[in-house]
Amino acid sequence: MSVIKRSSSRDAVLQEAFGAEVADLYAQAARGEANAALQRALELRSFLAIAEEQVARVRDRVHAATAADGDMDDLSADAMRMDAQWLEAALAGRNGYTAALDELLRTMPPTTEVAGSRAGLTPKIAATAPPAPAASRAGAVRARRP
């Protein structure tokens, strides 16, 4: 499944920050219409969605292994230790991507401020004449000759 269709825990925050659904944000990026902040945010969101899927897989595997109606003979301390290591690694990745995405969204300028500050501006061309040449003797210092 494509990361575009996977959900992540930060989708609502991204939609609020960029004013569009996640699929539409990916479409903007595919068309080359995404600014640097959106491109980075989508990249982090893609990594986050995969990391969260990994966390869910390990969680579901642990739940299945420890289900109340499960066979006690199928339990393995070694398998549980390995699952704990996998879960630790997956959670560390998820936490890193979440922190990076939150930091990116926190430090980028608000989209309304950027768009609003540029919307009212019209390009102005300022034409200035080059400075008038100074009179040949006005304020000139004669160079000494040897």
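Within each chain, residue numbers correspond to sequence positions counted from 1 in written order. At least 70 in pLDDT is required for a residue's local features to be given in this predicted model, at least 80 for side-chain atom pairs to be given and counted, and no such filter applies to totals for whole chains, interfaces and linings, which use all residues. To obtain the side-chain values, all non-hydrogen atoms of the structure were used and water was disregarded.

Comment: elements are numbered from the N terminus, with helices defined as DSSP H or I runs of at least four residues and strands as E runs of at least two. Helix and strand counts for the protein come out as five helices and zero strands. Exposure categories follow from relative accessible area, calculated using a 1.4 Å probe and restricted to protein chains: below 20% of the type maximum is buried, above 50% is exposed, and the middle band is partly exposed. For the protein, buried positions account for 23% of its 146 residues. Contacts spanning at least 24 positions in sequence make up 69% of the contacts within the protein whose residues lie at least 6 apart. As displayed, the protein offers around 11,000 Å² of accessible surface, 56% of which is attributable to carbon and sulfur atoms. Note on definitions: a residue-residue contact is assigned when non-hydrogen atoms from the two residues lie within 4.5 Å. Computed with a 1.4 Å probe, the accessible areas rest on the Shrake-Rupley method; for each residue, only the protein chains presented here act as cover.

As a further point, take the pattern of salt bridges. Counted as salt bridges are all cases of a side-chain nitrogen of Lys or Arg within 4 Å of a carboxyl oxygen of Asp or Glu. Tallied over the full model, the rule gives ten salt bridges. The closest approach of N and O atoms between Asp-11 and Arg-45, which form a salt bridge, is 2.8 Å. Of the two residues, Asp-11 is situated in helix 1 (residues 11–18) and Arg-45 in helix 3 (residues 36–65); the sequence distance between them amounts to 34 residues. Judged on exposure class, the residue Asp-11 and its partner Arg-45 are both buried. Where Arg-31 meets Glu-33, a salt bridge forms, and the shortest distance between an N and an O atom there is 2.9 Å. Bridged by salt links that share partners, the residues Arg-6, Glu-53 and Arg-57 form one connected network.

Turning to the nonpolar core, a few remarks are in order. With 19 residues, the main nonpolar core has Phe-18, Leu-101 and Leu-105 as its most contacted residues. No other element matches the six residues that helix 3 contributes to this core. Residues belong to one nonpolar core when they are buried, are Ala, Val, Leu, Ile, Met, Phe, Trp, Tyr or Cys, and are joined through side-chain atoms within 4.5 Å.

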